[in-house]
Amino acid sequence: MERIIIQGGRRLEGRVSVSGSKNATLPLMAAALLADSPSVITNVPELRDIQTMADVLRSLGAAVSFSANTLTIDPAGFANTEAPYDIVRKMRASIYVMGPMLGRLHRAKVSLPGGCAIGPRPIDLHLKGFEALGARIQLEHGYVIANAESLRGADFNLLGASGSSVGATCNVLMAAVMAEGESVIHGAACEPDVVELIHFLSRMGASIEGAGTSTLRIAGGKALHGVEHRVIADRIEAGTFMTAAAITRSCIVIENAPLHHMEATTAKLAEIGVAIEPADGGVAVRGDTGNFRPTSITTGVYPGFATDMQAQFMALLATVPGTSIIRETIYVDRFMHAAELNRMGANIRVLSGVATVEGVERLSGAPVMASDLRASAALVIAGLAAEGTTIVNRIYHIDRGYEHIERKLRAVGAAIARVSDAEPEPQLPE
Ligand code: EPZ
């Protein structure tokens, strides 16, 4: 079992570089299955979730190699219509293969993703889209099975109760580009990850209009070919480093931050009192302005405030004098980190999807437990600011989404190390 140990209270300084985006890469990997020739994807972060998706693609017959942040995916052997429980259970995003399976093989049997630490995560919208395109859906023995003799273009709405869905939009889009005729998807998600998939599919030969808007028009049925593509930078990793600078009241320079995808994050940081300035080769994030103010945050779909930044801001606001309010509208139960932050001296109350954060003078190091990827990041940055030693347990969550995090933080002066002991790590789904 591995843990991260942090000796807190140090100022950070220096430069840190942002990796390629995990959540943008995962749908591209699935989309590579739609081509009749290999694709090469560069700037891919070395992460557990990328390895898991590579295993899913291999289980379907594709050949996948990954080295030096470059993925090569050859779909020539893609013929298997079943994605088994043992692989899918490790990562919910495995469901992304369903669209390509249905689109190319006209059948998909995929283990139904189970519950996870951030709350219920249904896939009803994915299935609604597949049905609109002509698939018949059955649920059997923990598997979702979709069959379609042929897919045909259709006009449908994918909006759910919490707004648009990134996963459903990507998944259904991958099936729609294979369907004969025109499809119109209303209520599509506008996240940069969806736009990135649209760029990738378009370069493969697909015809899709409306990228970055809630209505996508697809002229389906075109043959797609493999492409070489560089993945966009990870806006959530960049935002996490920004909150690390802010919580430690330090100044660091962040290279490759995709600021054009981060307006809600940078606007909130500015409101709190963090200065973000252009710097040589990057952006300087100054948490040393000496004048922080509390704020209120409501998470929302893009371009709103990302739920994937909520935990890190909660850690930051826990150190800002005054009362801050955080409303979580995407995953109303995504507050497991609040109790762990309270173990570090924070003063946070959670009631019905709303967290009230009373800023404290200082956090104190403690052993804490990571519950999911972004919660782990929040606990790590809290540990950087806390007095004394913080031990973050169940750190395998962080390896799913942050490339070399302790190496990167050490390079800007953090006292952070990874230790392991012989005890085996339980595998929890996310
Ligand atoms: C993606 O998950 C991300 N994961 C999540 O990041 C992120 O939190 C989320 O989008 C929201 O931005 C990946 O990209 C791999 P959704 P996804 O479908 O696609 C509801 C991280 O930490 N919904 O946009 O699964 C759903 O319950 C992870 O990197 C339905 O009701 O999220 C939620 O309330 C965690 N029915 C809302 O929509 C459905 O069929 C948005 O979820 C699908 C979703």
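About the thresholds
Residues numbered from 1 in each chain as written. Predicted model: local features only at pLDDT ≥ 70, side-chain atom pairs only at ≥ 80, totals over all residues. Heavy atoms only, no water. Helix = DSSP H or I, 4+ residues; strand = E, 2+ residues; numbered from the N terminus. Buried < 20%, exposed > 50% of the residue type's maximum accessible area, 1.4 Å probe, protein only. Contact = heavy atoms within 4.5 Å. Areas by Shrake-Rupley, 256 points an atom, 1.4 Å probe, with all protein chains shown as cover. Core = buried A, V, L, I, M, F, W, Y, C linked by side-chain atoms within 4.5 Å. Near = heavy atom within 4 Å. Polar contact = N/O pair within 3.5 Å; in protein donor to acceptor, adjacent residues only side chain to side chain. 1 Å grid on protein atoms, 1.4 Å probe; cavity = no way out; pocket = protein on both sides within 12 Å on 5 of 7 lines; lining within 4 Å. Sits in = over half its atoms within 2 Å of the grid points. Nonpolar A, V, L, I, M, F, W, Y, C, P; charged D, E, K, R; others polar. Domains from an automatic or database assignment. Pairing = 2+ DSSP bridges. Axes fitted to C-alpha atoms, helices over the stretch in contact; angles between N-to-C directions.

Undergrad: Please explain the overall build of the protein as it appears in this structure.
TA: Secondary structure summary: the protein contains 14 helices and 24 strands in total. Classification of the 430 residues of the protein by burial places 57% in the buried group. For the protein, the proportion of contacts with a sequence separation of at least 24, taken over those separated by at least 6, is 74%. Carbon and sulfur atoms make up 50% of the accessible area of the protein, which amounts to about 15,800 Å² in all.

Undergrad: For this particular structure, what's the right way to read the nonpolar core?
TA: Note that soluble globular proteins tend to have their nonpolar side chains buried in a common cluster. Within the largest apolar cluster, 77 residues are counted, with the highest numbers of intra-cluster contacts made by M29, V97, M98, V110, V177 and L201. Excluding residues within four positions of it along the chain, V97 makes contact with A30, L33, M53, V56, L57, L60 and A83. By size, the runner-up hydrophobic cluster in this structure holds 68 residues, among which are I4, I254, V283 and V285.

Undergrad: Looking at this structure, how should I read the site of the ligand?
TA: Near the ligand there are 23 residues, and of these D124, S165, D308, I330 and R374 occur at the shortest range. S162 has a polar side-chain atom sitting 3.2 Å from an oxygen atom of the ligand. Alone, the ligand offers 830 Å² of accessible surface; in the complex the protein occludes 88% of this. With respect to the pocket detection grid, the ligand is positioned in the largest pocket. Secondary structure elements with two or more residues in the shell around the ligand: α1 (22-31), α5 (124-132), α6 (166-176) and α12 (373-385). Residues belonging to the shell around the ligand are distributed by class as follows: eleven nonpolar, six polar and six charged. Here the shell around the ligand gathers at least three residues from each of two domains, domain 1 (2-19 + 233-420) and domain 2 (22-230).

Undergrad: I keep staring at the sheet that holds strand β16 (residues 275-279) and nothing clicks. Help me out?
TA: In sheet architecture, strand pairing relies on hydrogen bonds along the backbone and comes in two forms, parallel and antiparallel. Spatially, the four strands line up as an open sheet ordered β2-β15-β17-β16, and their pairing is mixed. With one partner strand each, in any of the chains shown, β2 (13-17) and β16 form the two edges of the open sheet. Ignoring which end each strand starts from, the neighbouring axes of this sheet average 25 degrees apart. Pairing of β16 with strand β17 (residues 282-286) involves five bridges; the strand directions are antiparallel. The partner of E277 across the bridge, within β17, is A284. Of the strands in this sheet, β2, β15 (251-255), β16 and β17 are in contact with helix α8 (residues 235-247), which crosses β15 at around 170 degrees.

By themselves, these observations are geometric and do not establish any function.
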